[in-house]
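Summary of the model geometry
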Amino acid sequence: QVQLVESGGGLVQPGGSLRLSCAASGTIFSIYAMGWYRQTPGKQRELVAFATSGGSANYADKVKGRFTISKDNAKNTVYLQMNSLKSEDTAVYYCNANLKRWWYEAAMDYWGKGTLVTVSS
């Protein structure tokens, strides 16, 4: 059993900031990457940012310079600091982790239930 729990979503004005958190728990041998995706009704889920176990970080062009991803390996937790928020950032944000439960298994993707971010005046 693997569980990802997101927190930190809410209502914020344009230009404001929010920090999202995602904690992974359960049977985990090794986490290779953790990241964030977002989705609005009628649209495809899109990548926001992800971080690998090697320390690299990648961002979608729409959020570069505004969002920052970070992680706490000891806590199996990933964060997303969102600054200069725009109305277009309104979406449900989902946490994703690529991990192995045991050394002899292949790595798989796991998903959180999502947290709603609303950017509005």
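Quick summary incoming for the structure in this document. Computed from a prediction, not measured in an experiment: that's the story for all the values here. (Residues numbered from 1 in each chain as written. Predicted model: local features only at pLDDT ≥ 70, side-chain atom pairs only at ≥ 80, totals over all residues. Heavy atoms only, no water.)

Some details on the side chain of R38
Defined as follows: Helix and strand labels come from DSSP, where a helix needs a run of H or I of at least four residues and a strand needs a run of E of at least two; each type is numbered from the N terminus. Polar contact criterion, stated in full: a pair of N or O atoms within 3.5 Å, where within protein one must be able to donate a hydrogen and the other to accept it, and residues adjacent in sequence count only if both atoms are side-chain atoms. By definition in these notes, contact holds between two residues if any of their heavy atoms fall within 4.5 Å.
Within the secondary structure, R38 is located in strand β4 (residues 30-39). One polar contact links R38 to D89, side chain to side chain, over a distance of 3.0 Å. Every residue in contact with R38, bar those within four places of it in the chain, is listed here: Q44, R45, E46, V48, K62, V63, F67, E88, D89, A91, V92 and Y93.

Let's talk about the environment of L18
Following the sequence through the fold, L18 ends up in strand β3 (residues 18-26). Linking L18 and N83, residues 65 residues apart in sequence, is a C-alpha distance of 6.8 Å. Those residues in contact with L18 that sit more than four places away from it in its chain are G8, G10, V12, L80, Q81, M82, L85 and V117.

A closer look at the packing of aromatic side chains
Note the threshold: Stacked, tilted and edge-to-face are the three classes applied to pairs of Phe, Tyr and Trp rings, where Trp contributes its six-membered ring and a pair requires centres within 6.5 Å; stacked means planes under 30 degrees apart, edge-to-face means over 60, and tilted covers the rest. The buried label applies to any residue whose accessible area, calculated with a 1.4 Å probe on protein chains only, is under 20% of its type's maximum; exposed applies above 50%, and partly exposed to all values in between. Two limits define a charge over a ring: the Lys NZ or Arg CZ must be within 6 Å of the ring centre, and within 35 degrees of the ring normal.
Considering all chains together, one arrives at three aromatic pairs under this definition. Their ring planes at 5° and their centres at 6.5 Å tell us that W102 and Y104 sit as a pair that is stacked. Classification of W102 as partly exposed rests on a relative accessible area of 41%. We classify Y104 as exposed; its relative accessible area is 57%. Through a chain of ring-to-ring contacts, three or more aromatic side chains come together here, namely W102, W103 and Y104. Over the ring of W111 we find R45, and its NZ or CZ is 4.9 Å from the ring centre.

Digging into the state of the cysteines
For clarity, the threshold we go by: A pair of sulfur atoms, both from cysteines and within 2.5 Å, is called a disulfide here.
Evaluation of the coordinates by the stated rule reveals one disulfide. Between the sulfur of C22 and that of C95 lies a disulfide, 2.0 Å long from S to S. Across the disulfide from C22 to C95, rotation about the S-S bond amounts to roughly -85°, and the bridge is consequently left-handed. Pair noted here: C22 is in strand β3 and C95 is in strand β9 (residues 91-100), with a separation of 73 residues, a long-range link. A relative accessible area of 0% means that C22 is categorised as buried.

Brief notes about the nonpolar core
This is how the line gets drawn: We define the nonpolar core as a collection of buried residues of types Ala, Val, Leu, Ile, Met, Phe, Trp, Tyr and Cys that are connected through side-chain atoms lying within 4.5 Å of one another.
The biggest cluster of nonpolar side chains holds 28 residues, and the ones touching the most others in it are M34, W36, V48, F67, L80, M82 and Y93. Put simply, the parts of the chain that give this core at least two residues each are β1 (2-7), β3, β4, β5 (46-52), β7 (67-72), β8 (77-82), β9 and β11 (115-119). Of the residues forming this core, the biggest block, five residues, is contributed by β9. The contacts of V48, once residues within four sequence positions are left out, are W36, Y37, R38, N58, Y59, A60, V63, F67, L80 and Y93.

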